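# Chain and residue survey
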Amino acid sequence: MTSVLETVRHESTARSLLRLSRPQQWHKAVMLFAAPAAAGALESPGVVARAAVAAAGFILLSVAIYAFNDIRDAPDDRRHPRKRSRPVASGALSPLVAGVFGVTAALLGLAVVSGLGWRTFALAAAYLVAQVLYVTGLKHVAVIDLVIVALGFVLRAAAGGTATGLPVSHWFLLVSLFGAMFLVTGKRKAEHHSAGNAVSRPVLAAYPSSWLDQVMTVALLGTALSYGMWAFQYLGHDVYRELLAISFLPFFTGLLRYALLVSTGRGEEPEHEIFRDRVLLVAGLSWAGLLGVGLYCA
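Residues numbered from 1 in each chain as written. Predicted model: local features only at pLDDT ≥ 70, side-chain atom pairs only at ≥ 80, totals over all residues. Heavy atoms only, no water.

### A few points about the overall build of the protein
When you go through the protein residue by residue, the secondary structure sums to 14 helices and zero strands. Tracing the protein from N to C terminus, the helices and strands come up as α-α-α-α-α-α-α-α-α-α-α-α-α-α. Computed over its C-alpha atoms, the radius of gyration of the protein comes to 20 Å, within 12% of the 19 Å expected for a compact globule of 298 residues. Counting only C-alpha atoms, the protein reaches 70 × 45 × 35 Å along its principal axes. Buried residues in the protein amount to 42% of all 298 residues. Considering only contacts within the protein whose residues lie at least 6 apart along the sequence, 71% involve residues at least 24 apart. Of the roughly 14800 Å² of accessible surface on the protein, a fraction of 69% belongs to carbon and sulfur atoms. (Helix = DSSP H or I, 4+ residues; strand = E, 2+ residues; numbered from the N terminus. Rg over C-alpha atoms; globule rule 2.2 N^0.38 Å. Buried < 20%, exposed > 50% of the residue type's maximum accessible area, 1.4 Å probe, protein only. Contact = heavy atoms within 4.5 Å. Areas by Shrake-Rupley, 256 points an atom, 1.4 Å probe, with all protein chains shown as cover.)

See below:
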């Protein structure tokens, strides 16, 4: 009987640690494959393997951040109708267990990326430091919270280039920066529509809706112009490469469509909207198709 209880307790702890790790957010590590994809290098098994290792390292670092965040936010999470079920807030995990788990994940993540060169390690360390600062207070500082979240995407994208030894263009980094800022600001705008979320994210009170609209517009234009400068450089090349320039149309359409969704109160979960909105899905698939043919059939 005792062994059965111990087994149930162990399984419950394991499930709680998995929930603490938020596997539904691990898709963000796809940014580590963006640089090799844009370079047309995903056909190389070695490149894919190194990008996969880097992605695994950054996933471990993100798991550490989620653990630290849940420990710090547990008192507030207990008053939130949805977040109170998080492992630390609900009492399924003690802060000590969550803290040890987070530190272990951080050390493992740094150890994994250390084999990919000092530049990748430096980017990973910068990502970890920035996210720890975010969790420990900067997420409550208006504007800074947006910049740090967007910076996380840029650091992932840059690490994908250093890990695989591929050059990363300035336009690629600008697309990553402006695109991330566009999505993050859109998420804040959608949260702004919900009075319930304002309780769990106090910084929202510092953002007038009109200001968020302005930032979204700037970020949209920056994303579109940066992508256009990257894509249109291939005009005049072979017919396949010219498809990259054509890909600007569905890319821009997707940006405009997402901005429209945000203006109607949607967009709080950008990664899910593409599957909920048919126009956004078609634009995304068209863009991915043109990009794939243009990069890998040339």
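### Some words on the nonpolar core
The biggest cluster of nonpolar side chains holds 34 residues, and the ones touching the most others in it are Phe182, Tyr227 and Trp230. Sorting the residues of this core by element identifies helix 7 (144–164), helix 8 (170–192), helix 10 (209–231), helix 12 (248–263) and helix 14 (278–296) as the ones contributing at least two each. Among the elements that line this core, the one with the most residues is helix 10, at nine residues. Setting aside anything within four residues of it in sequence, one finds Phe182 in contact with Met216, Ala219, Leu220, Thr223, Leu255, Tyr258 and Ala259. If you look at the next biggest cluster of nonpolar residues, it comprises 26 residues, including Ala29, Leu61, Leu123 and Ala124. (Core = buried A, V, L, I, M, F, W, Y, C linked by side-chain atoms within 4.5 Å.)

### Quick look at the packing of helix 12 against helix 14
Packing of helix 12 against helix 14 brings their axes to within 8 Å, and their N-to-C directions diverge by 155 degrees. Considering the angle they form, helix 12 stands roughly antiparallel to helix 14. Note that helix 12 runs across helix 14; the crossing there is left-handed. Taken together, the residues of helix 14 that come into contact with helix 12 (itself represented by Pro250, Phe251, Thr253, Gly254, Arg257, Tyr258 and Leu261) are Val279, Leu280, Ala283, Ser286, Trp287 and Leu290. The residue makeup of the contact of helix 12 with helix 14, split by class, is nine nonpolar, three polar and one charged. (Axes fitted to C-alpha atoms, helices over the stretch in contact; angles between N-to-C directions. Parallel < 35°, antiparallel > 145°, perpendicular 65-115°, else oblique. Left-handed = near helix turned anticlockwise from the far one by under 90°. Nonpolar A, V, L, I, M, F, W, Y, C, P; charged D, E, K, R; others polar.)

### A few points about the packing of aromatic side chains
According to the stated counting rule, one finds eight aromatic pairs in the structure shown. Between Tyr207 and Trp211, the ring centres sit 5.2 Å apart and the planes meet at 5 degrees, which makes this aromatic pair stacked. Residue Trp211 is classed as partly exposed on the basis of its relative accessible area, which comes to 27%. Between Phe251 and Trp287, the aromatic rings sit 5.9 Å apart at their centres with planes inclined by 45 degrees, giving tilted as the arrangement. With Phe251 in helix 12 and Trp287 in helix 14, this pair connects stretches of sequence that are 36 residues apart. You can call Trp287 partly exposed: its relative accessible area is 28%. Linked through ring pairs, Tyr227, Trp230, Phe251 and Trp287 together constitute an aromatic cluster. Here the guanidinium or amino end of Arg156 rests over the ring plane of Phe153, the centre of that ring lying 5.2 Å away. (Phe/Tyr/Trp six-rings, centres within 6.5 Å; stacked < 30°, edge-to-face > 60°. Lys NZ or Arg CZ within 6 Å of the ring centre and 35° of its normal.)

### Some thoughts on the pattern of salt bridges
The final tally for this structure, using the stated rule, is 10 salt bridges. Note that Arg188 is salt-bridged to Glu191, the shortest N-O span being 3.6 Å. Highlighted residues: Arg188 and Glu191, both in helix 8, separated by three residues, approximately one helical turn. For Glu191, a relative accessible area of 3% gives the class buried. A salt bridge links Glu273 to Arg276, with the shortest nitrogen-to-oxygen separation between them at 3.4 Å. Taken together, the residues Glu273 and Arg276, both in helix 13 (residues 270–276) and three residues apart, mark about one turn of the helix. Residue classification places Arg276 among the partly exposed residues on the basis of a relative accessible area of 49%. (Salt bridge = Lys/Arg side-chain N within 4 Å of Asp/Glu carboxyl O.)

### So, the packing of helix 7 against helix 8
Relative placement of two packed helices is described by the angle separating their axes and the distance separating the axes. Packing of helix 7 against helix 8 brings their axes to within 8 Å, and their N-to-C directions diverge by 140 degrees. Between helix 7 and helix 8, the interaxial angle falls into the category oblique. Judged by the twist between their axes, the crossing of helix 7 over helix 8 is right-handed. The residues of helix 8 that touch helix 7, namely those facing Asp145, Leu146, Val147, Val149, Ala150, Phe153, Val154, Ala157 and Ala158, are Phe172, Leu173, Ser176, Leu177, Ala180, Met181, Val184, Thr185 and Arg188. Its residues assigned to classes, the contact of helix 7 with helix 8 shows 14 nonpolar, two polar and two charged.

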